[in-house]
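# Examination of the molecular architecture
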Amino acid sequence: MNCEVCQLKELEVEHFEIREVLRCILHTIVFHRALGLVRPKVIDLELFDITYVQCGDGELEKKIDEKIEQFISWVEKHPNKKSQVCISFYEVKNKHPSWFTNKTERLYWEQWYINLNVSQQQKVHSGKSHPSKIVVDPGDSLEERSARRAALETSLREVLFQIIKFVNEKKDHVPPISDGVVYFPYEVTIPSSSDSAFGMDMIKRMLQTGGHPTMLS
């Protein structure tokens, strides 16, 4: 099966911006891959003058938020490292049965890589339901911070347009739609807890499994 890959533009973010940026991007991708009836939920970002749409599914929001919190924890343990979050869409197929196995396998048909470069700031306290408290670096002037925020907002808009362009142009690889299915099966992968780079960790898994890695669901 042909697996289309989209590498999204790298974003320079600060710690307190991670949550909003990832929510915006992940929900935008899932919304554009929704199949059935959804209840669109319009979200205005608090940190940026940007509006995006969620599917209005509480379980979906919970799953995405859990992955974002795991990623934030990883960032705190691995400062000053570029990182990726990957969302993959797949089909579930039955493997050829044998005398020792009769399992299913995931056939990945689309993967999105969200590339973040998180600048290390002072320690911030965050909760799962509340944005992180903003810690201003005394070395930055108000003009510098405003310029940086404006640049990130522009880049985030470019990422959203990149998603829409990809979805509109890449259609041939999308599997047939099953009756009653609202979402294609998907999973969100974050860097491992080890110090190895995310890309190398993914390659190791592929070598071990002989194919696409078994990702976190």
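Everything numeric in this text was worked out from a predicted model, so none of it was measured. (Residues numbered from 1 in each chain as written. Predicted model: local features only at pLDDT ≥ 70, side-chain atom pairs only at ≥ 80, totals over all residues. Heavy atoms only, no water.)

Moving on, we come to the packing of aromatic side chains. Working definition: an aromatic ring pair is given by the centre-to-centre distance plus the angle between the planes. With the rule as written, the count across this model stands at six aromatic pairs. Between F89 and W109 the ring centres are 5.6 Å apart and the planes differ by 35 degrees, which places this aromatic pair in the tilted class. With F89 in strand β5 (residues 82–94) and W109 in strand β6 (residues 104–119), this pair connects stretches of sequence that are 20 residues apart. Owing to a relative accessible area of 0%, W109 belongs among the buried residues under this scheme. An angle of 65 degrees between the planes, with centres 4.7 Å apart, marks the rings of W112 and F166 as edge-to-face. Linking W112 in strand β6 with F166 in helix α3 (residues 142–169), this pair joins segments that are 54 residues apart in sequence. Cluster of aromatic residues (ring-pair linked, three or more members): F89, W109, F184 and Y186. The lysine or arginine in question, K63, covers the ring of Y186, its NZ or CZ lying 4.4 Å from the ring centre. Sitting above the plane of the F48 ring, R149 keeps its charged end 5.8 Å from the centroid. (Phe/Tyr/Trp six-rings, centres within 6.5 Å; stacked < 30°, edge-to-face > 60°. Helix = DSSP H or I, 4+ residues; strand = E, 2+ residues; numbered from the N terminus. Buried < 20%, exposed > 50% of the residue type's maximum accessible area, 1.4 Å probe, protein only. Lys NZ or Arg CZ within 6 Å of the ring centre and 35° of its normal.)

This part covers the nonpolar core. In terms of nonpolar packing, the biggest core is built from 47 residues, with I25 and W112 touching the most fellow members. Mapped onto this core, the elements with two or more residues apiece are β2 (11–14), α1 (18–32), α2 (58–77), β5, β6, α3 and β7 (186–189). Examining the composition of this core, we find that eight residues originate from one element, α1, more than from any other. Those residues in contact with W112, other than ones at most four positions away along the chain, are C6, L8, I29, V85, C86, I87, F89, I163, F166 and V167. (Core = buried A, V, L, I, M, F, W, Y, C linked by side-chain atoms within 4.5 Å. Contact = heavy atoms within 4.5 Å.)

This paragraph deals with empty space enclosed by the protein. Within this structure, the stated rule accounts for one cavity of 30 Å³ or more. Quantified by volume, the largest cavity comes out at close to 30 Å³. For the largest cavity, the full set of lining residues is W74, V75, H78, P79, N80, K81, S83, V118 and Q120. Taken together, the residues that form the lining of the largest cavity break down as four nonpolar, four polar and one charged. (1 Å grid on protein atoms, 1.4 Å probe; cavity = no way out; pocket = protein on both sides within 12 Å on 5 of 7 lines; lining within 4 Å. Points joined across faces, edges and corners; volume = space filled by probe spheres on them. Nonpolar A, V, L, I, M, F, W, Y, C, P; charged D, E, K, R; others polar.)

On to the packing of α1 against α3, then. For any two helices packed against each other, one specifies the inter-axial angle together with the distance between the axes. In the contact formed by α1 and α3, the axes pass within 10 Å of each other and the chain directions differ by 15 degrees. When the interaxial angle is binned, α1 and α3 end up roughly parallel. Of the two elements, α1 crosses α3, and the hand of that crossing is right-handed. Contacts between α1 and α3 involve V21, C24, I25, T28, I29 and H32 on the former and, on the latter, L156, V159, L160, I163, I164 and V167. When its residues are assigned to classes, the contact of α1 with α3 shows ten nonpolar, two polar and no charged. (Axes fitted to C-alpha atoms, helices over the stretch in contact; angles between N-to-C directions. Parallel < 35°, antiparallel > 145°, perpendicular 65-115°, else oblique. Left-handed = near helix turned anticlockwise from the far one by under 90°.)

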